[in-house]
Amino acid sequence: MTVEQQARGASGGATGAGRRRSRKDEILEIAVGLFAARGYHGVSMDDIGAAAGVTGPALYHHFAGKEAMLVAALTPVSEGLLDGGRQRRAAHPDDPRAALESLIDFHVDFALANPAVIALHLHELDRLPEEPRRRIRRLQRLYVEEWVTVLTALHPGLPDGEGRVLAHAAFGLMNSTPFLGGEVDHRRRAELLRAATLAALLAPTEPA
């Protein structure tokens, strides 16, 4: 399966679950797949229109251009991750281990459903204008802090800065999905990612 095929449904992984897709959503999903597979500068509006089966004027009816598509793909995902992270932490206010497991489940599900979006975040975020880029970066920082709050509760005495190191390390592990082949089925990949992330974050954090 190509990255473009994996990207079907990419923009709905963290938000919009159960919502009927519009034609605009479908075009955006196709654009996300193309951007992830070829790089932002390797895709033209004509490429997107051809893949979506629409003409130029119809495409511009939905989006002003590629930049608008990139903003539309990345901003709601960052919002959805933050909302989901807050909900999962709030559901376990007195049990940081349960909160951590819930956060891991949430993020692994997102990462497996959205490899193309993760690839865009990793490689294309800096293509955005300053204002939306700064907004997305802020949403990402707030999402990290949800994890840091749980990790510092789980490991008493852990400084916030070290909690951020652990959180980013966990994201690196879970966000490896764009680089995983298809030789392991989806269910088993989820199990492995959850177990590896949990083991890493439960490991002792005292200095050697």
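Residues numbered from 1 in each chain as written. Predicted model: local features only at pLDDT ≥ 70, side-chain atom pairs only at ≥ 80, totals over all residues. Heavy atoms only, no water.

Student: Pulling in residues and values, what's your account of the UniProt feature "domain: HTH tetR-type" (unreviewed entry) in the protein?
Tutor: The sites that UniProt annotates as "domain: HTH tetR-type" (unreviewed entry) are residues 21–81. Secondary structure across residues 21–81 divides into 77% helix and 0% strand, with the first and last C-alpha atoms of the span separated by 20 Å. (UniProt positions renumbered as here; feature names shortened; annotations may be inferred. Helix = DSSP H or I, 4+ residues; strand = E, 2+ residues; numbered from the N terminus.)

Student: Which residues make up the packing of aromatic side chains, and what are the values?
Tutor: For the structure on display, the rule yields four aromatic pairs. A ring pair is formed by Phe 35 and Tyr 40, whose centres lie 5.3 Å apart and whose planes are at 50°; its orientation type is tilted. A relative accessible area of 2% means that Phe 35 is categorised as buried. Since its relative accessible area comes to 9%, Tyr 40 is described here as buried. An angle of 10° between the planes, with centres 5.6 Å apart, marks the rings of Tyr 143 and Phe 171 as stacked. Of this pair, Tyr 143 sits in helix α8 (residues 130–154) while Phe 171 sits in helix α9 (residues 160–174), and the two are 28 residues apart along the sequence. Tyr 143 sits in the buried class, given a relative accessible area of 5%. Through a chain of ring-to-ring contacts, three or more aromatic side chains come together here, namely Tyr 143, Trp 147 and Phe 171. Positioned above the aromatic ring of Phe 63 is the side chain of Lys 24, whose terminal nitrogen or guanidinium carbon lies 5.2 Å from the ring centre. Looking at Lys 66, its charged tip hangs above the ring of Tyr 40, at a distance of 4.2 Å from the centre. (Phe/Tyr/Trp six-rings, centres within 6.5 Å; stacked < 30°, edge-to-face > 60°. Buried < 20%, exposed > 50% of the residue type's maximum accessible area, 1.4 Å probe, protein only. Lys NZ or Arg CZ within 6 Å of the ring centre and 35° of its normal.)

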